[in-house]
Amino acid sequence: MEFSSNQPIYLQVATWLEQQILEEKYPIGHKIPGVRDLAVHLIVSTRTVQNAVNQLVTSGLIITKRGQGNFVTEDAAKIDDIKLDKKMRITQEYINEIMHVAQAQEIPDLVANAMKEYEDTRTRRDHVTG
């Protein structure tokens, strides 16, 4: 994982871990790797990982079971809420940026074209690796 200098590393780790969970690499109710293992994998301090995990515990995405470790919440509605919040945040950021160079009526076509390009690229990539 490459880190940027414009945001604390623990927040970048929290974002990465959140993404892993939202992509179901760590499914609902499953244990996530321990702090030490994640620190070794990401090449950061255990304190940094612990701060990231604490952030996700506060958000409700991760729960800590004393003596057992950290687990993805079993609350599917909580995960759905976090996904929706993330989608809305990303969409708002996109709209804030695109409105500097496009008219509102152009946005649906821009999104449709970008989705087609994405699907074409994904299909080609899957064909090559498949």
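Residues numbered from 1 in each chain as written. Predicted model: local features only at pLDDT ≥ 70, side-chain atom pairs only at ≥ 80, totals over all residues. Heavy atoms only, no water.

As recorded by an unreviewed UniProt entry, the chain carries the name GntR family transcriptional regulator and is attributed to Weissella thailandensis.

**Looking at helix α3 (residues 46-59)**
Heads up, the rule is: Elements are defined by DSSP. Helices are runs of H or I of four residues or more, strands are runs of E of two residues or more, and each kind is numbered from the N terminus. One less than the number of residues in a helix, times 1.5 Å, gives the span that helix is expected to have. The buried label goes to any residue with under 20% of its type's maximum accessible area, the exposed label to any with over 50%, and the partly exposed label to all in between, with areas taken from a 1.4 Å probe on protein chains only. Directions pointing from the helix axis toward each C-beta atom define the arc. Any two residues having at least one pair of non-hydrogen atoms within 4.5 Å are treated as being in contact.
With 14 residues, α3 extends 20 Å between its outermost C-alpha atoms, agreeing within 8% with the 20 Å of an ideal straight helix rising 1.5 Å per residue. All buried positions along α3 are accounted for by Thr48, Val49, Ala52, Val53 and Leu56. Buried residues of α3, viewed axially, fall in a sector of 135°; they line one side. Along α3, the residues that are exposed and aim more than 90 degrees away from the buried face are Arg47 and Thr58. Where α3 is buried, its residues contact α1 (9-22), α2 (35-42), β1 (62-65) and β2 (69-72). Where α3 terminates, the next one or two residues include glycine 60, which has phi positive at roughly 90°.

**Let's talk about the UniProt feature "domain: HTH gntR-type" (unreviewed entry) in the chain**
Going by this rule: UniProt positions are given in the numbering used here, feature names are shortened, and annotations may be inferred rather than shown by experiment.
In the numbering used here, UniProt assigns the "domain: HTH gntR-type" (unreviewed entry) feature to residues 7-75. Here residues 7-75 is 52% helix and 12% strand, with 29 Å between the C-alpha atoms at its ends.

**What about the packing of α1 against α2?**
We count it as follows: Between N-to-C directions, angles span 0 to 180 degrees; the directions come from axes that are lines fitted to C-alpha atoms, helices contributing only their stretch in contact. Here is the rule for angles: anything less than 35 degrees is roughly parallel, anything more than 145 is roughly antiparallel, 65 through 115 is roughly perpendicular, and the remaining ranges are oblique. In this count, Pro and Cys sit with the nonpolar residues alongside Ala, Val, Leu, Ile, Met, Phe, Trp and Tyr, while Asp, Glu, Lys and Arg are called charged and the others, Gly among them, polar.
Where α1 contacts α2, the two axes come as close as 13 Å, and the packing angle between them is 105°. On the basis of the axis angle, α1 is roughly perpendicular to α2. Along its contact with α1, which presents Val13, Trp16 and Leu17, the element α2 presents Leu38, His41 and Leu42. Residues of the contact of α1 with α2, tallied by class, amount to five nonpolar, one polar and no charged.

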